[in-house]
Amino acid sequence: MSLVETATPRRGSLLRLVRSELRLVLGRRRNQVLLAGLALVPLLLGTVLFLSQDTALDGQGPGFVGRVTSNGLFLVVASLFLCLPFLLPLTIGIASGDAIAGEASAGTLRYLLTVPVARGRLLAVKAVGALTFAAAAVAAIAVVGIVAGATFFGLRGITLLSGTTVPLGDGILRIAAVVVYVGLSMTGLVAVGLFFSTLTEVPVGAMAATVVTAIVCGVLDQLPQLAAIAPALLTHHWLDFAEFLRLEPDWGVLGQGLALQAAWVAIFGALAWSRFTTADVSS
């Protein structure tokens, strides 16, 4: 058999695995419930702010919440701001922590390993599934946020943090950049989840460890005494999406945030690969 004939079935097996993984991740009832829960955040927030208009509470709230009633585009930003500390990491931690450990717990992992695809590639397929879910989680917040914001408050040019107002088209592009940046900021957490998922056959343990990692990094990032290590913490640059709401974004800060995520992906991706490709799988 020629090398081309050998490579073709393997490539076909890999593509089938990817399609199967995406159907599994996006079709699983638990994941759909998690996505629906995230999508409810902007809807509920928009409803509350809409009903509190023309009251003493109008224009109040943490972060970007106070700006929502003046422009529906800010509902996307406010929702992401509220979900980033816990809800988004929790949702992504559940999906990524279950990627390998869930298969091992169900007894299906050993059958997956009989497919003519190397373990490293199988891990990559699982990573694609987890990253796709992370993108879907951020997109669910953004899509419902823009629809609810337009319905409740209308869309108009954005007033930036500097006080300058930019046209609606420019504002939409900036909000889209915010969504993309937040999505990319979750890649490091996905890698952490995959690593923990290779360590155990108990999915809940991997999920909890992933979420706890994000929470601990967030807490440590708030301590002035640990300022020296803060730039290396997973969550340190998560809120830097606000740079897109400045007249001139600081691309250096944004680049540092993306570089930090790339470093976490590289480190924990390598650890996950090392563990998964050498582990003795019995279930």
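Note that the structure is predicted; figures quoted are calculated from it, not measured.

**Section: the packing of aromatic side chains**
- Within the structure shown, the criterion is met by eleven aromatic pairs.
- Seen from their ring centres, F195 and F268 are 5.7 Å apart, and the 65° between their planes marks the pair as edge-to-face. Here F195 is found in helix α8 (residues 187-197), whereas its partner F268 is found in helix α10 (residues 251-278), with 73 residues between them in sequence.
- Taking relative accessible area as the criterion, F195 reaches 14% and is therefore assigned buried.
- What makes F268 buried here is its relative accessible area of 17%.
- A centroid spacing of 5.9 Å and a plane angle of 75° characterise the contact between F244 and W251, whose relative ring orientation is edge-to-face.
- We classify W251 as exposed; its relative accessible area is 58%.

**Details of the confidence of the model for the protein chain**
- For the protein chain, the average pLDDT comes to 90, and 90% of its residues sit at 70 or higher.
- Note that pLDDT drops below 50 for residues 1-7; the model gives that stretch one contact with residues more than four away or on any other chain.

**Thoughts on the layout of surface pockets**
- Put simply, the largest pocket is a space of about 250 Å³.
- If you go around the largest pocket, you meet 14 residues; those closest to its centre are P85, G218, T235, W238 and L239.
- Among the elements that make up the lining of the largest pocket, the one with the highest residue count is helix α9 (residues 203-221) (five residues).
- Here the residues of the lining of the largest pocket are counted per class, giving nine nonpolar, four polar and one charged.

**A word on the packing of helix α6 (residues 119-152) against α8**
- With their axes 10 Å apart at the nearest point, α6 and α8 run at an angle of 135° to one another. Compared by their axis directions, α6 and α8 come out oblique. The two elements α6 and α8 meet at a crossing, and its hand is right-handed. Contacts from K126, A127, A130, L131 and A134 of α6 reach α8 at T187, V190 and L194.

**Thoughts on helix α4 (residues 87-106)**
- The end-to-end C-alpha distance of α4 is 26 Å, a good match for the 28 Å that 20 residues give at a rise of 1.5 Å each.
- Of all the bends found along α4, the most pronounced is centred on A99 and spans about 55°.
- Within α4, 16 of the 20 residues are buried, which leaves the element mostly enclosed by the surrounding structure.
- Within two residues after α4, G107 carries a phi angle of roughly 80°, on the positive side.

**A word on a nonpolar patch on the surface**
- Together, F86, L87, I215 and V219 make up an exposed nonpolar region whose accessible area comes to about 320 Å².
- You can see F86 is positioned in the loop between α3 (74-83) and α4.

**Brief notes about the environment of L87**
- With respect to the helices, strands and loops of the structure, L87 is situated in helix α4.
- Considering only alpha carbons, one finds L87 and G257, 170 residues apart in sequence, at a separation of 20 Å.

Definitions and cut-offs
Residues numbered from 1 in each chain as written. Predicted model: local features only at pLDDT ≥ 70, side-chain atom pairs only at ≥ 80, totals over all residues. Heavy atoms only, no water. Phe/Tyr/Trp six-rings, centres within 6.5 Å; stacked < 30°, edge-to-face > 60°. Helix = DSSP H or I, 4+ residues; strand = E, 2+ residues; numbered from the N terminus. Buried < 20%, exposed > 50% of the residue type's maximum accessible area, 1.4 Å probe, protein only. pLDDT = per-residue confidence, 0-100. Contact = heavy atoms within 4.5 Å. 1 Å grid on protein atoms, 1.4 Å probe; cavity = no way out; pocket = protein on both sides within 12 Å on 5 of 7 lines; lining within 4 Å. Points joined across faces, edges and corners; volume = space filled by probe spheres on them. Nonpolar A, V, L, I, M, F, W, Y, C, P; charged D, E, K, R; others polar. Axes fitted to C-alpha atoms, helices over the stretch in contact; angles between N-to-C directions. Parallel < 35°, antiparallel > 145°, perpendicular 65-115°, else oblique. Left-handed = near helix turned anticlockwise from the far one by under 90°. Expected span 1.5 Å × (residues − 1). Bend = angle between axes of the 7 residues up to and from the residue. Patch = residues over 30% accessible without salt bridge, like charges linked within 9 Å, V, L, I, M, F, W, Y side chains within 5 Å. Areas by Shrake-Rupley, 256 points an atom, 1.4 Å probe, with all protein chains shown as cover. Salt bridge = Lys/Arg side-chain N within 4 Å of Asp/Glu carboxyl O.

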